[in-house]
Amino acid sequence: ESVFQQWTGLMEGESDTIVRMANTAALLKVCFGWWWVGFYRVMNDELLLGPFQGPPACTRIKTGKGVCGTSWEQRKTIVVPDVDLFPGHIACSAASRSEIVVPIIRNETVIAVLDADSEHLNHFDETDVFWLEKIAKSI
Ligand code: SME
């Protein structure tokens, strides 16, 4: 809740999507120390790497592929407690052990996904779902 308040302040007066995504990734990274946090934007028929914080990542993901492509296809948040148990998980980094992906939906269409990875198993829970979905709705 406190991070969400900071986030709202940070977004005030700034309407550019890339700027908002960039500062969102930075805020979440410094506040929670997740291994990787960032965005993939839907461009034509694939997800294209957007603003992020963390190590370099895979640049393009097809619909239905990996956790991100599955969240895009199913239009819903996916929490993965152990990435080794998610069929088709795309390992951009061997250090990533658990993951959450939240779709960003405008006019019923997924326009991007917010992805966070942790080097710890079972790191994301319902509290993360609640607040990250709030960010996804407002971004
Ligand atoms: N693990 C993701 C790919 C993106 S990275 O984690 C940054 C997936 O399976 O879609």
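Residues numbered from 1 in each chain as written. Predicted model: local features only at pLDDT ≥ 70, side-chain atom pairs only at ≥ 80, totals over all residues. Heavy atoms only, no water.

> Quick question: what am I supposed to make of the pattern of salt bridges here?
Pairing is possible between side chains of opposite charge, provided their charged atoms come close. Applying the stated criterion across every chain yields a total of two salt bridges. In this structure, Glu46 and Arg60 form a salt bridge, with 2.6 Å as the shortest nitrogen-oxygen distance. You can see Glu46 sitting in strand β2 (residues 46-53) and its partner Arg60 sitting in strand β3 (residues 60-62), a full 14 residues away along the chain. Here Glu46 falls in the buried class, since its relative accessible area comes to 12%. For Arg60, a relative accessible area of 52% corresponds to the exposed category. One network of salt bridges, in which partners are shared, links Glu46, Arg60 and Lys62. (Salt bridge = Lys/Arg side-chain N within 4 Å of Asp/Glu carboxyl O. Helix = DSSP H or I, 4+ residues; strand = E, 2+ residues; numbered from the N terminus. Buried < 20%, exposed > 50% of the residue type's maximum accessible area, 1.4 Å probe, protein only.)

> Would you take a moment to explain empty space enclosed by the protein for this structure?
Any empty space left between the atoms is revealed when a probe the size of a water molecule rolls over them. Under the criterion given, the structure shown has one cavity of 30 Å³ or more. Quantified by volume, the largest cavity comes out at close to 170 Å³. Looking at the largest cavity, it is lined by 20 residues, and the ones nearest its centre are Ile90, Cys92, Glu99, Asp115 and Asp117. Per-element tally for the lining of the largest cavity: the top contributor is helix α3 (residues 66-74), with three residues. Partitioned by chemical class, the residues of the lining of the largest cavity number 12 nonpolar, four polar and four charged. (1 Å grid on protein atoms, 1.4 Å probe; cavity = no way out; pocket = protein on both sides within 12 Å on 5 of 7 lines; lining within 4 Å. Points joined across faces, edges and corners; volume = space filled by probe spheres on them. Nonpolar A, V, L, I, M, F, W, Y, C, P; charged D, E, K, R; others polar.)

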